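Analysis of the macromolecular model
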Amino acid sequence: MTNATELAELSANKCFGGWQKRFSHRSKTLNCEMRFSVFIPPAAGKNQKLPVLYWLSGLTCTDENFSAKAGAQRVAAELGIMLVMPDTSPRGEQVTEAADGAYDLGLGAGFYLNATQTPWQDHYQMYDYIVEELPALVQKEFNVKEKSAIAGHSMGGHGALIIALSNMKRYCSVSAFAPIVSPSECQWGQKAFTHYLGDNKQDWQAYDSCQLMRQQGEFLHIPMLVDQGLDDNFFLSQKLTKPLEDVATEVGYKADFRYHPGYDHSYYFIASFIEDHLRFHAKYL
C-alpha cells in the first residue's frame with residue numbers, strides 16, 4: 001500500500017502520441033486506497049506547464065469509464081490538455097456501502113460531497129478529495145498549471161457545477177453533460193443527501209447548484225457550458241439541467257445551455273459532444 005505522497009502506476013498505454021495512465025495512492029481524506037486515471041498529452045515532454053481538466057463521472061462509474069468510452073484523448077492531445085479522472089467514491093472492504101447494494105448510494109455514488117452522518121462520514125469526503133487532496137497530488141507529481149477546468153456527467157455534472165460555483169477562483173471554466181442540478185428536489189439527490197447529510201435541508205444547499213447559483217447572483221463570472229439530451233430517460237424524472245437554466249435566466253447569468261433531440265443519457269451522447277467541451281475549456285485554460 002502506498003502512502004499519501006506516493007503514486008503507484010497501475011497501467012500505461014500509448015494514446016494519440018501521449019499516455020493514458022492509471023495510478024493508485026493512499027488518500028488521507030477518504031481514509032482508503034484510491035485510484036485515478038490521467039491522460040498525459042504529447043506536450044508534456046516540452047518542458048511547459050500543462051493545463052488540466054478534471055472530469056467527474058456519474059453513478060456506478062469508476063475512473064476508467066470516461067477514458068475508455070468518451071473518445072476525449074484525440075482532441076486533448078491536439079490541445080495539449082491533461083485529463084484527470086478520479087473515481088466516483090471511496091473504495092475498499094472497510095468502506096460503507098448501501099445495505100441493499102443500490103446503485104445510487106454508497107460505492108460508485110459519492111455525490112462529491114463531505115458526509116456528516118454515521119457511518120458515511122468516515123470515508124465519504126469526496127468534496128475535499130476533489131477540491132484539495134487530488135489537485136495537490138497532481139501539482140506535486142506533474143508539471144501542470146495551478147488553475148484548472150472541471151467537467152462531468154450526471155452525478156459528476158452535479159459535482160463539477162457545485163465545486164466550480166463554490167470555488168470560482170480555482171477554476172477557469174466548468175461544463176456538464178445531463179447534470180443533476182437540483183438534487184434537493186429529485187429522488188437521486190434526496191436519497192443521497194438524507195443518508196450523507198441528514199434530514200436538515202439547510203445543510204443540503206451547499207451541494208445544490210441551483211441554490212449556489214442563486215446565492216452567487218451578480219458575482220457569477222465563470223464560463224459554463226451544459227449539454228442535455230432530450231431523449232434522456234432521466235431528463236424529467238430527475239429534473240436534469242432545466243432548473244439550472246431557469247435560475248441562470250433569473251439572475252442574468254449568461255451560461256450556455258444546449259438541448260439535443262434524440263440523444264440519451266449514455267456515453268454515446270458524451271462522445272458526440274466532448275470535442276466541443278474540450279475546445280470550450282481550451283479557450284480559458
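Throughout what follows, the structure given in this document is the object of discussion. For clarity, every value in this text was computed on a predicted model and none was experimentally measured. (Residues numbered from 1 in each chain as written. Predicted model: local features only at pLDDT ≥ 70, side-chain atom pairs only at ≥ 80, totals over all residues. Heavy atoms only, no water.)

**Details of the packing of helix α3 (residues 126-141) against helix α4 (residues 155-166)**
The contact between α3 and α4 brings their axes to 11 Å, and the two run at 60 degrees. Our classification of the angle between α3 and α4 gives oblique. The handedness of the crossing between α3 and α4 is right-handed. On α4, the residues that touch Y127, I130 and V131 of α3 are I162, I163 and S166. Among the residues making up the contact of α3 with α4, the classes are represented as five nonpolar, one polar and no charged. (Axes fitted to C-alpha atoms, helices over the stretch in contact; angles between N-to-C directions. Helix = DSSP H or I, 4+ residues; strand = E, 2+ residues; numbered from the N terminus. Parallel < 35°, antiparallel > 145°, perpendicular 65-115°, else oblique. Left-handed = near helix turned anticlockwise from the far one by under 90°. Contact = heavy atoms within 4.5 Å. Nonpolar A, V, L, I, M, F, W, Y, C, P; charged D, E, K, R; others polar.)

**Some words on the packing of α4 against helix α6 (residues 209-216)**
Look at α4 against α6: their axes get within 9 Å of each other, and the N-to-C directions meet at 20 degrees. Here α4 lies roughly parallel to α6, going by the angle between them. Here α4 and α6 pass one another in a crossing that is left-handed. Of α6, the residues touching α4 (which contributes L161, I162, L165 and S166) are S209, L212, M213 and Q216. Counted by class, the contact of α4 with α6 contains five nonpolar, three polar and no charged residues.

**With respect to α4**
The end-to-end C-alpha distance of α4, which contains twelve residues, comes to 17 Å, matching closely the 16 Å that a straight helix rising 1.5 Å per residue would cover. The buried fraction of α4 is high, at eleven of twelve residues. Three or more residues of α4 are buried, namely M155, G156, G157, H158, G159, A160, L161, I162, I163, A164 and L165. (Expected span 1.5 Å × (residues − 1). Buried < 20%, exposed > 50% of the residue type's maximum accessible area, 1.4 Å probe, protein only.)

**With respect to the nonpolar core**
Within the largest apolar cluster, 99 residues are counted, with the highest numbers of intra-cluster contacts made by F66, L83, F111, I150, Y196 and M224. Among the elements that take part in this core, α3 stands out by supplying eight residues, more than any other. Not counting residues within four places of it along the chain, the set of residues in contact with L83 comprises S37, V38, F39, L53, F66, A72, A76 and L278. (Core = buried A, V, L, I, M, F, W, Y, C linked by side-chain atoms within 4.5 Å.)

**Looking at helix α7 (residues 242-251)**
Taken as a whole, α7 has its buried residues at L244, V247 and A248. Along the long axis of α7, the arc covered by the buried residues comes to 105 degrees, so they all point the same way. For α7, the exposed residues set more than 90 degrees away from the buried face come down to T249 and E250. Residues of α7 that are buried make contact with α4, α6, β8 (224-229) and β9 (256-260). Positive phi appears at G252, one or two residues downstream of α7, with a value of about 75 degrees. (Arc of directions from axis to C-beta.)

**With respect to the environment of Y284**
Relative to the helices and strands, Y284 is located in the segment after α8 (267-282). For the pair Y284 and S173, spaced 111 residues apart in the sequence, the C-alpha separation amounts to 6.6 Å. When neighbours within four sequence positions are excluded, Y284 is seen to be in contact with C172, S173 and P223.

**Examining the pairing of strand β3 (residues 32-40)**
Remark: a regular strand shows side chains that alternate across the two faces of the sheet. Within β3, seven of the nine residues are buried, which leaves it mostly tucked inside the rest of the structure. Pairing of strand β2 (residues 18-27) with β3, which is carried by nine bridges, proceeds in the antiparallel orientation. The residue of β3 that forms the bridge with R22 is S37. As defined by bridge partners, β3 adjoins strand β5 (residues 82-86) across four bridges and the pair is classed as antiparallel. Within β5, the residue paired with F36 across the bridge is P86. (Pairing = 2+ DSSP bridges.)

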